[in-house]
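One letter stands for each residue in the lines below.
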Amino acid sequence: MKRFLFPVEYYNSTYSINFRHYYDLGYRAILFDVDNTLVPHDHMSDERSRKLTKELREIGFKIAFVSNNKEPRVRDFAAELKVEGLPDIEYVYKAGKPKKNGYVRAMEILGTNEKNTIFVGDQIFTDICGANRSGIHSILVDIIDRHEDTHIFFKRILEVPIKKLYLMKHPKKQ
């Protein structure tokens, strides 16, 4: 299995990651996928996503969403997470993941680079592969909701052996 398909780390949930630890290590930006990473597919923000993104910006992180979705979906999701006095959440839509362009564009917008940026996503063949190709610290998380489009469902089947191989050598983090 190619290394670019393995995440650097694998967590049960975005919401179980100790992001303060990464800030203390020198990371200053987090790029997120949206659907099934922060909220169920096609859902708008919820209390958990609002609380998390607010806390991350209060810590000092810059945040951008890197999504293959169309602009209205990503723009509206980012807009729902606005908090007075905190930096806006940036976004890159139609990012073309796993190509590097969307990740690079997000880092340009945030003024960061691959050494101080983390990516968090739920799909190996788009999110993790693209982050790894971009040289970004990649974190895979389990999906929030199993109800997905058919084309994503079939990719999930292909992800199973990759996850098993990864877990043979690396423990999943709670």
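The text that follows walks through the structure, step by step, so that each part is easy to find. (Residues numbered from 1 in each chain as written. Predicted model: local features only at pLDDT ≥ 70, side-chain atom pairs only at ≥ 80, totals over all residues. Heavy atoms only, no water.)

Counting its regular elements, the protein contains 6 helices and 6 strands. When the helices and strands of the protein are read in sequence order from the N terminus, they spell out β-α-β-α-β-α-β-α-β-α-β-α. Since a compact globule built from 174 residues should have a radius of gyration of about 16 Å, the 15 Å found for the protein is in line with a globular shape. With the C-alpha coordinates aligned to their principal axes, the bounding extent of the protein is approximately 45 × 35 × 30 Å. Counting the 174 residues in the protein, one finds 49% classified as buried. (Helix = DSSP H or I, 4+ residues; strand = E, 2+ residues; numbered from the N terminus. Rg over C-alpha atoms; globule rule 2.2 N^0.38 Å. Buried < 20%, exposed > 50% of the residue type's maximum accessible area, 1.4 Å probe, protein only.)

Time to look at the side chain of histidine 137. Along the polypeptide, histidine 137 turns up in strand E6 (residues 137–141). Here glutamate 9 takes part through its side chain, which lies 2.6 Å from a polar atom of the side chain of histidine 137. Only 3.3 Å separates the side chain of histidine 137 from the side chain of tyrosine 27, close enough to count as a polar contact. In this structure, histidine 137 is in contact with Val8, Glu9, Tyr22, Tyr27, Thr117, Ile118 and Phe119, ignoring residues within four places of it in sequence. (Polar contact = N/O pair within 3.5 Å; in protein donor to acceptor, adjacent residues only side chain to side chain. Contact = heavy atoms within 4.5 Å.)

This brings us to the nonpolar core. Judged by nonpolar contacts, the single largest core of 26 residues is most densely connected at Phe19, Phe32, Leu56, Phe61, Phe65 and Val120. Elements that contribute at least two residues to this core include exactly helix H1 (19–24), strand E2 (29–32), helix H2 (47–59), strand E3 (62–66), helix H3 (71–80), strand E5 (117–121) and E6. Not counting chain neighbours up to four residues away, the residues in contact with phenylalanine 61 comprise Phe19, Tyr22, Tyr23, Tyr27, Arg28, Ala29, Ile30 and Leu56. Formed by 13 residues, the second largest nonpolar core is a distinct cluster that contains Leu31, Tyr103, Met107 and Ile136. (Core = buried A, V, L, I, M, F, W, Y, C linked by side-chain atoms within 4.5 Å.)

Okay, the sheet that holds strand E1 (residues 9–11) next. On the basis of which strands lie adjacent, the open sheet formed by 6 strands has the order E1-E6-E5-E2-E3-E4 and parallel pairing. Each edge of the open sheet carries a strand with a single partner, namely E1 and strand E4 (90–92). Neighbour-to-neighbour, the strand axes of the sheet open up by a mean angle of 25 degrees, direction not taken into account. Sheet analysis places E2 next to E3, joined by 4 bridges and oriented parallel. Opposite phenylalanine 32, over in E3, you have phenylalanine 65 as the bridge partner. Helix-sheet contacts for H3 involve E3 and E4, and the interaxial angle to E4 is about 165 degrees. Sheet strands in contact with helix H5 (residues 124–133) are E5 and E6, and its direction is about 160 degrees off that of E6. (Pairing = 2+ DSSP bridges. Axes fitted to C-alpha atoms, helices over the stretch in contact; angles between N-to-C directions.)

Take H2 next. An α-helical segment advances 3.6 residues per turn. Residues three or four places apart therefore align on the same side. In this model, H2 (13 residues) spans 18 Å end to end at C-alpha, consistent with the 18 Å of a helix rising 1.5 Å per residue. Among the residues of H2, Ser49, Leu52, Thr53, Leu56, Arg57 and Ile59 are the ones counted as buried. Down the axis, H2 shows its buried residues gathered within 155 degrees of arc, on one side only. Contacts from the buried residues of H2 go to H1, E2, E3 and H3. Looking at the residues trailing H2, positive phi occurs at glycine 60, about 130 degrees. (Expected span 1.5 Å × (residues − 1). Arc of directions from axis to C-beta.)

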